[in-house]
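# Analysis of the macromolecular model
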Amino acid sequence: MIGSGLVFVLREIKRFLLALQFLTRLPLSPALARWVGYSAAELSASARYFPWVGLLVGLLASGVWLGCSRLWSAWIAAALTTAFTVWLTGAFHEDGLADTADGLGGAVSRERALAIMKDSRIGTYGAVTLVLVLAIRVAALASMSVPVGMFALIFAHAAGRAGACLVLATLPYVRDDDSSKSKPLAQSMRRSELAVALAAPLACALAALILNAVEFSALPVKFEVNAVCLALASVLIGLIVLGWRRILLRRLGGFTGDTLGAVEQLIEAGVMLTFASHLC
């Protein structure tokens, strides 16, 4: 019994570390990387931990935001924090957003849209969309107080990847080639796996509400979480996912890896806008 439990824990740790390698630049030691290994099936199974990797990315970003805010103005701190997250993730999701905007921006056929999205070159739709979304993220963060920004970063990164998991779990994969690095994600995500993914932003929100209600003198800064804004952000996330699914079904008949990156970026920007609003 204990042995099987240990095997389960080690297997899930491997999957989390595989997700970490897939989504970020965070290095693993050569020995640890060999232990984690790689297979298409395990990468597919690791998708449940994408939002948990997002949680880690958000935590690191909130630390950068806190440190930079003590040295520079809000705008510089927000720009540096956003640049840090782009570097940390290798612009993985931003690249998907740009490719998706190029493919779906014009009135082209499904086949043409898929071909455009596969092209590594960036077009007008992609460039404009990428600049606007990055500008929204920087401006939204710059307008927040440090504590609100810290929570918004953590929640936005976890929720963005959870939203991508929702799309992954509820739509078919539409590319036929084996060259895409997102091809292993074509396998459908089970409900139990989706529950693990959705638990990340839920745990983030619950922990922040608890920390907001209880004083911890050891914390360098107190989180400020408005429950109403948290609810509004959650509703917005649901609307973005539903709207994005409808667009993908109509235009492509399903998802590609690029469209998962795009919905992550849309949710991230939407959450940041929500917490930057006067309601918060």
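Before reading on, note that the structure itself is shown above.
So, here's what we can say about the structure. (Residues numbered from 1 in each chain as written. Predicted model: local features only at pLDDT ≥ 70, side-chain atom pairs only at ≥ 80, totals over all residues. Heavy atoms only, no water.)

### Digging into the packing of aromatic side chains
In this description, a pair of aromatic rings is defined by centroid distance and the angle of the planes. Enumeration over the complete set of coordinates arrives at 8 aromatic pairs. Taking the centre distance of 6.3 Å and the plane angle of 85° together, the rings of Phe 16 and Tyr 49 count as edge-to-face. You can see Phe 16 sitting in helix 1 (residues 2-23) and its partner Tyr 49 sitting in the loop between helix 3 (40-46) and helix 4 (50-69), a full 33 residues away along the chain. Judged by relative accessible area, which is 13%, Tyr 49 ranks as buried. Measuring from centroid to centroid gives 6.2 Å for Phe 84 and Trp 87, while their planes differ by 35°, and the two rings are tilted. Note that Phe 84 and Trp 87 are positioned in helix 5 (residues 74-88) at a spacing of 3 residues, about one turn of the helix. The partly exposed category is assigned to Trp 87, whose relative accessible area is 49%. Counting every residue linked through ring pairs, the aromatic cluster contains Phe 22, Phe 50 and Phe 92. (Phe/Tyr/Trp six-rings, centres within 6.5 Å; stacked < 30°, edge-to-face > 60°. Helix = DSSP H or I, 4+ residues; strand = E, 2+ residues; numbered from the N terminus. Buried < 20%, exposed > 50% of the residue type's maximum accessible area, 1.4 Å probe, protein only.)

### Section: helix 10 (residues 191-213)
Here helix 10 spans 32 Å end to end across 23 residues, near enough to the 33 Å set by a 1.5 Å rise per residue. When the local axis directions of helix 10 are compared, the greatest deviation, roughly 30°, occurs at Ala 199, which is followed within four positions by the proline Pro 201. Taken as a whole, helix 10 has its buried residues at Glu 193, Leu 194, Ala 197, Ala 200, Pro 201, Cys 204, Ala 205 and Ala 208. Structurally, helix 10 contributes buried residues whose contacts are with helix 4, helix 9 (146-170) and helix 11 (227-251). (Expected span 1.5 Å × (residues − 1). Bend = angle between axes of the 7 residues up to and from the residue. Contact = heavy atoms within 4.5 Å.)

### Observations concerning the environment of Gly 261
Secondary-structure assignment places Gly 261 in helix 12 (residues 257-276). Discounting chain neighbours no more than four positions away, the residues touching Gly 261 are His 93 and Leu 97.

### A few points about the side chain of Asp 102
In this structure, Asp 102 sits in helix 6 (residues 92-105). Non-local contacts of Asp 102, meaning those with residues more than four positions away in its chain, are made with Ile 116, Arg 121, Ile 122, Gly 123, Thr 124, Tyr 125 and Gly 126.

Bear in mind that shape data such as this cannot, by itself, settle questions of function.
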